[in-house]
Amino acid sequence: MILSSNQSSSHPSPNGWALLPFLVFIGLYLGTGLVLQLRGVEMAFYQLPSPVAILAGIVVAFLLFSGTMEEKFSLFAKGCGDENILTMCVIYLLAGAFSAVAGACGGVDSTVYLCLRLVPMQYITAGMFLLSAFLSIATGTSMGTISTIGPIAIATAAAAQVDLPLMVATVVGGAMFGDNLSMISDTTIAATRTQDVAMKDKFHVNFLIALPTAIITFVLLLLFGRPDTIVPLETGSFSIIKVVPYVVVLGLAAGGVNVFVTLTCGIALSGCIGLATGSFSLLSFATNIYSGFTNMTEIFLLSLLTGGLAKMVTVNGGLAFLLKKIQTAVRGQKSARLGIMAIAALGDIAVANNTIAILITGPIAKGICRQYQVDPRCSASLLDISSCIVQGILPYGAQVLLACSLTAGVSPVSPITLIPLMWYPLLLAFFALLSLWVPFADGLLRRQPWDHHLWIVRKEK
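Draft legend 1. Local environment of helix α8 (residues 164-181). Across its 18 residues, α8 extends 26 Å between first and last C-alpha, which sits within 8% of the 26 Å expected from 1.5 Å per residue. Most of α8 sits inside the fold, with 17 of its 18 residues counted as buried.

Here you go:
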């Protein structure tokens, strides 16, 4: 079936066939992962680069939709060049640069060793949760947090006779706390840019849901995560000054300072500290910035290509078709919010990557917001929370697979055994659902009412 690419982008006619390019992308990405998983390939769902997988969907879109090649490419380029897409891509680059420079000057090691010095051994499991949570929110990467904290936590669990699966699940839970909340996390960047809201607003709504979850998780770990044996923990040296860039970036971001200014200040401060302490030279400083850029290449390219494909699918009625189907289940704002959580969760189950899931489902969530007058700040929070919940317990997700792989030399832990021990993600799901019916997280929204009409008008211009 050939579809028209010249329909009105504001009010396209619903057409399910327009979703085929996205279905091809998801099918190829998911199918490849499943096949490789059955063959026993490690990190099976991450072997096929996502920007390559989405190229198949783009090719299908160009073949499926009508119009000249110039018209279709023009539409695709407009999607790639959308202000929100380009803003998101630049933020990714700056976030990657800050993470690389702060790490190169010794910020990660200093943060870890400082926290370990402050944690009494009888509370080591709860302490590892706090350490993972702080490091992930400071660096914006759950994978980096797990790879850094994981070996230390596993060795400590073995020496102190702490339940190893519980310790592994604790580290993953803490890592997902920061993945969900960090101002420089790719999920936060994707959620806020696809919904066109400020990071600080999403953070405030998100934090009111995540905070009680983290507190209860911490208390449970204090009660049930005590070691059988108290052993001294060897730690390396640290420098408090090297932790300062993370604290400054967190403070600036939470205070509402422009994200570009925040990240640029973080990069500059980390660079100054690294140069002053001899961690790297001026040339190495530049190299580290570029290394941070290249670390974000995959998500940068995927965001760019997804923006172009989403534009083509939307103009040809794919989004309108989805929203029409969603209407049959949605009856008001509460069910609309639940629908946003559901599509983000299903997207993450399909692609096993919370950032990709947000990029795919973000336009759908925006459409739900427009139709049912859901505050987009709430939508951004729910997209991020829901995808991170699933990613934190998904047996074939990168975070769980990485954490379990670190136990291979001690006592191998199966991803399936971690699911009931993932207290933080499971409790986060409970509080997120509770917030739909008991709006305890809507305090910010009530204090700063969102003009839904002006938001729609601004987005349609």
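Draft legend 2. Broad picture of the side chain of D201. Structurally, the position occupied by D201 is in helix α10 (residues 199-224). Among the polar contacts made by the side chain of D201, one reaches the side chain of K200 at a distance of 3.3 Å.

Draft legend 3. Spatial organisation of helix α1 (residues 20-38). The first and last C-alpha atoms of α1 sit 26 Å apart over 19 residues, in line with the 27 Å expected at 1.5 Å per residue. Every buried residue of α1 is accounted for by P21, F22, F25, I26, Y29, G33 and L36. The arc enclosing the buried residues of α1, seen along the axis, measures out at 145°, which places them on a common side. More than 90 degrees from the buried face of α1, the exposed residues found are L23 and L38. Close packing links the buried residues of α1 with α2 (50-64), α14 (297-315), α16 (333-351) and α17 (354-372).

Draft legend 4. Here's a closer look at the packing of aromatic side chains. A full pass over the atoms with the stated rule returns 9 aromatic pairs. Ring plane angle 50° and centroid distance 5.9 Å describe the contact between F129 and Y424, whose orientation is recorded as tilted. Of this pair, F129 sits in helix α6 (residues 124-139) while Y424 is found in helix α21 (residues 423-437), placing the two residues 295 residues apart along the sequence. In terms of burial, F129 and Y424 fall into one category: buried. An angle of 70° between the planes, with centres 5.8 Å apart, marks the rings of F177 and Y424 as edge-to-face. On the criterion of sequence distance, the pair formed by F177 in helix α8 and Y424 in helix α21 is long-range, its members being 247 residues apart. Through successive ring pairs, a cluster of aromatic residues spans F62, F73 and F76.

Draft legend 5. Structural view of the side chain of Q195. Note on placement: Q195 falls in helix α9 (residues 186-195). At a separation of 2.9 Å, a polar atom in the side chain of Q195 contacts the main-chain carbonyl oxygen of G362. Within the structure, Q195 has its side chain in polar contact with the side chain of S379 (distance 3.0 Å).

Draft legend 6. Expanded view of the packing of helix α7 (residues 142-160) against helix α19 (residues 398-405). At a closest axis distance of 9 Å, the pairing of α7 and α19 adopts a crossing angle of 25°. Between α7 and α19, the angle falls in the class roughly parallel. When you trace α7 past α19, the crossing you get is right-handed. Facing S142, M143, I146, S147 and I154 of α7, the residues of α19 in contact are A398, Q399, L402 and A403. The residue inventory of the contact of α7 with α19, partitioned by class, reads 6 nonpolar, 3 polar and no charged.

Draft legend 7. Focus on the pattern of salt bridges. By the definition in use, this model includes 3 salt bridges. In this structure, the salt-bridge partner of D201 is K200, at a minimum N-O distance of 3.3 Å. With a relative accessible area of 25%, K200 lands in the partly exposed category. Salt-bridge contacts for D384 lead to K202; the nearest nitrogen and oxygen are separated by 2.7 Å.

Definitions and cut-offs
- Residues numbered from 1 in each chain as written.
- Predicted model: local features only at pLDDT ≥ 70, side-chain atom pairs only at ≥ 80, totals over all residues.
- Heavy atoms only, no water.
- Helix = DSSP H or I, 4+ residues; strand = E, 2+ residues; numbered from the N terminus.
- Expected span 1.5 Å × (residues − 1).
- Buried < 20%, exposed > 50% of the residue type's maximum accessible area, 1.4 Å probe, protein only.
- Polar contact = N/O pair within 3.5 Å; in protein donor to acceptor, adjacent residues only side chain to side chain.
- Arc of directions from axis to C-beta.
- Contact = heavy atoms within 4.5 Å.
- Phe/Tyr/Trp six-rings, centres within 6.5 Å; stacked < 30°, edge-to-face > 60°.
- Axes fitted to C-alpha atoms, helices over the stretch in contact; angles between N-to-C directions.
- Parallel < 35°, antiparallel > 145°, perpendicular 65-115°, else oblique.
- Left-handed = near helix turned anticlockwise from the far one by under 90°.
- Nonpolar A, V, L, I, M, F, W, Y, C, P; charged D, E, K, R; others polar.
- Salt bridge = Lys/Arg side-chain N within 4 Å of Asp/Glu carboxyl O.

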